Amino acid sequence: MKNVVRSVTSPKKFISGQNLLSSLNDYIKDYGDKAFVICDEFILERAQKEAGASIEAAGNQAVFEKFQYECTKEEIERNRELVRKHGSNIIIGIGGGKTLDTAKATAYYEKLPVVIFPTIASTDAPCTALAVIYKKDGSFDEYLFLPTNPDVVLADTGILAAAPARFFAAGIGDALATYFEARACYQSNGDNLVLNKPSTTGLGLARLCYETLLENAVKAKRAVDRKVYTRAVEDTIEATIYLSGVGAESGGLAAAHAIHNGMTAVPSLHKAQHGEKVTFGLLTQLVLENAPKEELETVIKLIKDVDLPLTLRDLGVEEFVEAEWRQVAETACASNDTMVNMPFPVSPEDVYNAIIAANAIAESYK
């Protein structure tokens with residue numbers, strides 16, 4: 001146990017509620033008065049109107065910039081140049097996970113505070129001190145580990161509940177893996193996402209995330225299907241964004257996300273959501289672990305009940321190309337990925353076999 005460092009890391013503030021966009025200045029005023037806002041295209045006009053009015057009414061300034069679809073090194077550099085051009089002193093990201101990661105990376109390199117405003121609850125990216133960098137073709141490039149978490153994360157439950165239900169379900173899938181990956185990392189005494197050892201608190205938050213999903217996710221998904229928000233929606237959003245983000249960062253990742261990273265290079269999966277692929281990665285991890293049948297069936301039931309893809313065919317794989325999936329297995333076992341956090345050695349052959357078995361098990365529950 002000599003020199004073992006464990007950690008719990010989280011945003012300075014996590015705030016959830018309604019009408020947060022139109023009162024945005026209330027939450028950024030302590031961090032800067034010249035905002036550079038990286039914004040998804042679909043909400044850009046609304047953000048300019050509502051958030052822009054809030055900021056300008058307080059005598060502050062805001063520049064809005066449309067996100068260019070992929071969190072690449074080139075997109076980060078493009079935004080950095082614009083930040084310097086406008087003399088901005090705070091970065092705000094409004095949009096999906098890749099937009100938010102671009103905002104976090106831009107703020108990191110420019111040494112500025114960052115406020116994160118997710119518009120879909122599809123991943124736990126908002127809260128983490130991490131940005132996932134992709135290549136121009138959409139395949140995984142690298143993790144950018146950041147020294148601090150976002151200063152503020154704002155979860156507007158009205159906006160999140162009104163987003164397409166598929167995104168909400170994908171967030172449940174991403175969060176569903178949190179406990180099982182943290183458990184594996186804790187058992188192996190692997191590294192969490194800030195490269196310290198997983199903490200008891202991290203594992204506890206990950207477990208609470210799982211328990212919250214089991215209690216609320218199905219009820220919440222039915223509400224979101226009808227574009228309304230309920231207490232179950234609020235609790236599920238807290239699980240998918242905060243508990244999952246802090247639980248994963250402090251507890252660690254393992255096979256599920258490593259397999260997801262390998263899956264990003266499969267052409268037929270490019271339209272699949274991050275959380276949808278992580279869900280299949282989780283099934284594969286449970287096969288690798290030879291998880292108890294009851295545990296596996298509980299996970300499969302939740303996947304089906306919230307309308308997540310279960311099988312590779314559901315994800316969009318019309319034809320299984322062995323060479324592609326052997327490459328997925330090789331990539332998942334890269335020395336710099338999180339497969340190393342499994343509590344036993346895992347080879348590419350193990351992963352490939354588990355993928356085949358996980359898909360066959362999933363098919364049997366259709």
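Chains are numbered independently. Their residues run from 1 in the order of the written sequence. Residues qualify for local features only when their pLDDT is at least 70, as the model is predicted, and side-chain atom pairs are given and counted only at 80 or more; totals for whole chains, interfaces and linings, by contrast, use all residues. Side-chain metrics in this entry use all non-hydrogen atoms of the structure; hydrogen atoms and water are not considered.

Peer 1: Before we go on, may I ask you to explain the UniProt feature "domain: Alcohol dehydrogenase iron-type/glycerol dehydrogenase GldA" (unreviewed entry) in the protein chain in this structure?
Peer 2: UniProt positions are given in the numbering used here, feature names are shortened, and annotations may be inferred rather than shown by experiment. The UniProt record marks residues 11–157 with the feature "domain: Alcohol dehydrogenase iron-type/glycerol dehydrogenase GldA" (unreviewed entry), using the residue numbering of this structure. Between the end C-alpha atoms of residues 11–157 the distance is 18 Å, and the span holds 34% helix and 30% strand. Runs of H or I in DSSP of at least four residues are treated as helices and runs of E of at least two as strands, each being numbered from the N terminus.

Peer 1: Can you help me understand the pairing of strand β6 (residues 114–118) in this one?
Peer 2: The side chains of a regular strand alternate between the sheet's two faces. Buried means the residue's accessible area, taken with a 1.4 Å probe over protein chains only, is under 20% of the maximum for its type, while exposed means over 50%, and partly exposed covers the values in between. The buried fraction of β6 amounts to five of the five residues, a majority that puts the element mostly inside the structure. Neither face of β6 is left uncovered, since the one carrying Val114, Ile116 and Pro118 and the one carrying Val115 and Phe117 both have all their residues buried. Between any two strands, at least two bridges found by DSSP are needed for them to pair. In this sheet, β6 lies alongside strand β5 (residues 90–95) in parallel orientation, the contact comprising five bridges. Following the sheet pairing, Ile92 is matched in β6 by Val115. In terms of handedness, the path from β5 via helix α4 (residues 97–110) over to β6 forms a crossover that is right-handed. Sheet analysis places β6 next to strand β9 (residues 152–156), joined by two bridges and oriented parallel. Of the residues in β9, the one forming a bridge with Ile116 is Val153. Crossovers are described as right-handed under a simple rule: with the strands pointing away from the observer, the path leading from the first strand over the helix to the second runs clockwise.

Peer 1: How should I be thinking about the environment of Ala254 in this particular structure?
Peer 2: Along the chain, Ala254 falls in the loop between α8 (231–251) and α9 (255–263). Residue Ala254 is classed as buried on the basis of its relative accessible area of 0%. Spatially, the C-alpha atom of Ala254 lies 27 Å from that of Gly95, the residues being 159 residues apart in sequence. Every residue in contact with Ala254, bar those within four places of it in the chain, is listed here: Glu181, Ala184, Gln285, Thr338, Met339, Asn341 and Met342. Residues are treated as being in contact if the distance between any of their heavy atoms lies within 4.5 Å.

Peer 1: What is the right way to read the pattern of salt bridges from this model?
Peer 2: Side chains that carry opposite charge are capable of pairing whenever their charged atoms lie near each other. A carboxyl oxygen of Asp or Glu within 4 Å of a side-chain nitrogen of Lys or Arg is what we treat as a salt bridge. In total, this model carries 29 salt bridges according to the counting rule given. Measuring nitrogen to oxygen at the nearest pair gives 3.7 Å for the salt bridge that ties Lys73 to Glu142. Here Lys73 is found in helix α3 (residues 73–86), whereas its partner Glu142 is found in strand β8 (residues 140–145), with 69 residues between them in sequence. In this structure, the salt-bridge partner of Arg183 is Glu295, at a minimum N-O distance of 2.9 Å. Of this pair, Arg183 sits in helix α6 (residues 165–188) while Glu295 is found in helix α11 (residues 293–305), placing the two residues 112 residues apart along the sequence. Neither Arg183 nor Glu295 differs from the other in exposure class; each is buried. One network of salt bridges, with partners in common, ties together Glu77, Arg80, Arg84 and Glu110.

Peer 1: What exactly am I supposed to notice about the pairing of strand β3 (residues 34–39) here?
Peer 2: Most of β3 sits out of view: five of its six residues are buried. The parallel pair β3 and strand β4 (residues 61–66) is bridged by helix α2 (residues 41–57), and the resulting crossover is right-handed. Note that β3 and β5 share five bridges and pair parallel. Within β5, the position partnered with Ile38 by the bridge is Gly93.

Peer 1: Mind showing me how you'd approach unusual backbone geometry here?
Peer 2: Comment: phi is negative for the bulk of residues other than glycine, and the bulk of peptide bonds are trans. At Asn19, a residue that is not glycine, the phi angle is positive and equals roughly 60 degrees. The phi angle at Asn290 is positive, at roughly 50 degrees, despite the residue not being glycine.

Peer 1: I would appreciate a short explanation of the sheet that holds β5 in the present structure.
Peer 2: Sheet strands pair by backbone hydrogen bonding; their relative direction is either parallel or antiparallel. Spatial ordering of the open sheet is given by β2-β9-β6-β5-β3-β4, a layout of six strands whose pairing is parallel. Each edge of the sheet is formed by a strand with only one pairing partner; in this case those strands are β2 (13–17) and β4. On average, each strand axis in the sheet is tilted by 15 degrees relative to the strand beside it, whichever way the strands run. One ladder, built from five bridges, connects β2 with β9; its direction is parallel. Note that in β9 the partner of Gly17 across the bridge is Asp156. Think of each axis as a best-fit line through the C-alpha atoms, taken over the contacting stretch in the case of a helix, with angles from 0 to 180 degrees between the N-to-C directions. Strand contacts of α2: β3, β4 and β5, with the helix running at about 180 degrees to β4, the strand carrying the most contacts. Along the sheet, α4 makes contact with β3, β5 and β6, crossing β5 at roughly 170 degrees.

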